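# Tertiary structure, described
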Amino acid sequence: MSFDYSRTGALFLLILMSTSLFSQRAPFNREEFINRRDALMNKADADMIILFGKPAPETGTPFRQDNDFYYFTGIEDPGSVLIMLPSSGESVLFQPVLAEREIYVSGSNILCSGEDPAGKGFDAVVPVGHLDEYIVRNCGRRSGSDVYIRIMPPDVVNGGRMEMDLHYARSARSHYNDQPTLNTYRVNKLKERYPYINFHDISPLVDELRVIKTDWEKEILRKNGKVSAEGVKAAIMVTEPGVYEYEVEAAAMNVVSSHGALGAAYPPIVASGPNSCTLHYDRSSRKAEDGDVLLIDFGACMDYLTMDISRTWPVNGKFSPEQKKVYRLLLAIQKACIESYKPGVKEKDVIAYVEKKLGKMDLDLSGLENYISHSMKPPAENGELKVENIISGFGHFVGMAVHDVGVYGDEGLRPGMVFAIEPGLYNPEIGIGVRIEDTVLITDDGCEVLTRAVPKEIDEIEELMNVE
Ligand SMILES: [Mn+2]
């Protein structure tokens, strides 16, 4: 099986023409990073804030900066450290002194290039070998200075802070793999070296900032929403019986890569037939057959911000009655959730709204007790729909990490929050898994569906699949 290249080619041309304005990577935004540092310094009652960047990349892998470090600097030079002094508002960058050969092979950093650090918004750039001298000069005159560092784990593009610790917890099942993380090593080292300093965790303050997206971030997220949506549309359009999951993945990746994405936000999930019931299936190796569903969970990473979309469609272009029944219920729930989102709304309000809305609809729940949701519970008990079994709260935040930092808190939804709502139902016995997911931005009076360009109505999907 191969693509119909004439159709695919015409599609890509159309996409390039329609979204070329959104295809540029964002240039360095000096004011944005200065504002973020000022906001953090205003929040922290600190003598000093220290944030470490990532060390040199492993050979052969592209460098991706630590999310928290990038959020406050926009700097991707390996081995950098940032110190902020809230009393004076100063930001000083510490960078390694590079060997001539190193610069020749991998390029320079701000320190070695002789570039004026003020151009990037820093008061000074200093060799990293002076870091401890700087800490001692600023915090060593008395006992009990308050220094903020990151004590919680870092998050990564496809893993939240907690997920990173879950990963380490699982690795540590064998004591041969039980080593401290780099973050923990740094925390312990600072505490050991400076027992007279009070170290505090900066991560709650960082997360409070990161969870509310700035105007600049919103623009990038809108761009990513459009480009990722075009990727999923391309995936829908190349699907037909006999297509391999990796071919569908390639169609989506082609679109986002050609629009400036730094890559996928997480390993794309392209799951046909029985694979659709494995929530994080990422092997993309099966041939999709007539009668299967195809579930894709996909998003790009653009300018360090991610996107999260899931769609499910029939491989042969026509939903079967069983597929339709599950799909209709999930779509009704997902749309009702989105309708209910606005500032101040809490989880219980969403459930009440969805139940009220669905109560007026004529939904066929028969046989759905054989499906399970993300919460591992059936959607209906004794013929009664259980909305809270299908939606687990608001869904996860989306940002620099696809399972982004932040907490909803007592105020409920707030403008600037971005999260993904992804109801799903899975029946491994018959190999039907359905998930519908959009990423939404909370606005002043409602929400904006960033991924709205991907169709999700049954007739829209069938129409898109049958375009010749
Ligand atoms: Mn998701």
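Residues numbered from 1 in each chain as written. Predicted model: local features only at pLDDT ≥ 70, side-chain atom pairs only at ≥ 80, totals over all residues. Heavy atoms only, no water.

On to the overall build of the protein chain. The helix and strand inventory of the protein chain stands at 15 helices and 20 strands. A compact globule built from 468 residues would reach a C-alpha radius of gyration of about 23 Å, and the protein chain, at 24 Å, matches this within 12%. In the protein chain, once contacts between residues fewer than 6 apart in sequence are set aside, the share between residues at least 24 apart is 71%. Counting only carbon and sulfur atoms, one obtains 51% of the accessible surface of the protein chain, whose full area is about 21400 Å². (Helix = DSSP H or I, 4+ residues; strand = E, 2+ residues; numbered from the N terminus. Rg over C-alpha atoms; globule rule 2.2 N^0.38 Å. Contact = heavy atoms within 4.5 Å. Areas by Shrake-Rupley, 256 points an atom, 1.4 Å probe, with all protein chains shown as cover.)

What follows covers the nonpolar core. The nonpolar side chains of a soluble globular protein tend to be buried, and buried together. One finds Val248, Ile296, Trp313, Leu329, Tyr341, Leu413 and Phe419 to be the most contacted residues of the largest nonpolar core, which totals 70 residues. Here this core takes 10 residues from helix α12 (residues 321-340), the largest share from any one element. With near-sequence residues (within four places) excluded, Val248 lies in contact with Ala235, Val238, Thr239, Val243, Val270, Leu294, Ile296 and Trp313. (Core = buried A, V, L, I, M, F, W, Y, C linked by side-chain atoms within 4.5 Å. Buried < 20%, exposed > 50% of the residue type's maximum accessible area, 1.4 Å probe, protein only.)

So, on to the pairing of strand β12 (residues 309-314). Of all six residues that make up β12, six are buried, and the element is covered over most of its length. By the alternation rule, side chains of β12 split into Ile309, Arg311 and Trp313 and Ser310, Thr312 and Pro314, which are all buried. Here strand β9 (residues 293-298) pairs with β12 via six bridges, running antiparallel. Along β12, the bridge assignment pairs Asp297 with Ser310. (Pairing = 2+ DSSP bridges.)

Let us look at the packing of helix α2 (residues 30-43) against helix α9 (residues 203-211). Where α2 meets α9, the closest approach of the two axes is 10 Å, and the angle between their N-to-C directions is 135°. Here α2 lies oblique to α9, going by the angle between them. For the pair α2 and α9, the sense of crossing is right-handed. Within the contact between the two elements, α2 uses Arg36, Ala39, Leu40 and Lys43 and α9 uses Leu205, Val206, Glu208 and Leu209. (Axes fitted to C-alpha atoms, helices over the stretch in contact; angles between N-to-C directions. Parallel < 35°, antiparallel > 145°, perpendicular 65-115°, else oblique. Left-handed = near helix turned anticlockwise from the far one by under 90°.)

Before going further, it helps to examine the sheet that holds strand β19 (residues 438-442). One open sheet holds the four strands; their spatial order is β15-β16-β19-β20, and the pairing between them is antiparallel. Whereas interior strands pair on both sides, the edge strands pair on one side only; in this sheet they are β15 (396-397) and β20 (447-449). Here β15 pairs with strand β16 (residues 418-421) via two bridges, running antiparallel. For Phe397, the partnering residue across the bridge sits in β16 and is Phe419.

Moving on: helix α11 (residues 245-257). An ideal rise of 1.5 Å per residue puts 18 Å on 13 residues; α11 measures up with 18 Å between its terminal C-alpha atoms. Residues of α11 that are buried include every one of Glu245, Glu247, Val248, Ala251, Ala252, Met253, Val255 and Val256, and no others. (Expected span 1.5 Å × (residues − 1).)

This part is about the sheet that holds strand β7 (residues 263-264). Taken in spatial order, the three strands make up an open sheet running β7-β10-β11, and their pairing is antiparallel. Two strands bound the open sheet, and with one partner strand each, they are β7 and β11 (305-306). Bridging between β7 and strand β10 (residues 300-302) involves two bridges; their strand directions are antiparallel. Paired with Ala264 across the bridge in β10 is Ala300. On the sheet, helix α10 (residues 215-238) packs against β10 and β11 and is oriented at approximately 145° with respect to β10.

So, on to the side chain of Ser310. Topologically, Ser310 is positioned in strand β12. In this structure the side chain of Ser310 is engaged in a polar contact, spanning 3.2 Å, whose partner is the side chain of Asp297. Sequence-distant contacts of Ser310, defined by excluding residues within four places in its chain, comprise Ile296, Asp297, Arg435, Ile436 and Glu437. (Polar contact = N/O pair within 3.5 Å; in protein donor to acceptor, adjacent residues only side chain to side chain.)

Taken as a whole, the protein chain shows an average pLDDT of 93; of its residues, 95% reach a score of 70 or greater. Confidence drops under pLDDT 50 across residues 13-19; counting only partners more than four residues distant or on other chains, this segment forms six contacts. (pLDDT = per-residue confidence, 0-100.)

In this section: a negative patch on the surface. A grouping of Glu355, Glu381, Glu384 and Glu388 is seen on the molecular surface, where their side chains present a negatively charged patch. For Glu355, the location among the structural elements is in helix α13 (residues 347-359). A residue is classified by how much of its surface remains accessible, and Glu355, at 39% relative accessible area, is partly exposed. (Patch = residues over 30% accessible without salt bridge, like charges linked within 9 Å, V, L, I, M, F, W, Y side chains within 5 Å. Salt bridge = Lys/Arg side-chain N within 4 Å of Asp/Glu carboxyl O. Lys, Arg positive; Asp, Glu negative; His and termini not counted. Charge placed at Lys NZ, Arg CZ, Asp CG, Glu CD.)

The residue Leu331 is located in helix α12 in this model. The buried category is assigned to Leu331, whose relative accessible area is 7%. Considering only alpha carbons, one finds Leu331 and Ile236, 95 residues apart in sequence, at a separation of 17 Å. Residues in contact with Leu331, not counting those within four places in the same chain, are Ile436, Lys456 and Glu457.

It is worth spelling out the packing of aromatic side chains at this point. For the coordinates displayed, the defined rule picks out 15 aromatic pairs. Arranged with centres 5.1 Å apart and planes meeting at 15°, the rings of Tyr244 and Tyr246 form a pair that is stacked. For Tyr246, a relative accessible area of 45% gives the class partly exposed. The interplanar angle of 70° and the centroid separation of 4.9 Å between the aromatic rings of Tyr341 and Phe419 together place this pair among those described as edge-to-face. On the criterion of sequence distance, the pair formed by Tyr341 in the loop between α12 and α13 and Phe419 in strand β16 is long-range, its members being 78 residues apart. Connected via pairs of aromatic rings, a cluster forms that spans Phe28, Phe33, Tyr70, Trp216 and Tyr304. A cation over a ring is seen here: Arg36 above Tyr71, with NZ or CZ 4.1 Å from the ring centre. Lying over the aromatic face of Phe28, Lys120 brings its terminal NZ or CZ to 5.3 Å of the ring centre. (Phe/Tyr/Trp six-rings, centres within 6.5 Å; stacked < 30°, edge-to-face > 60°. Lys NZ or Arg CZ within 6 Å of the ring centre and 35° of its normal.)

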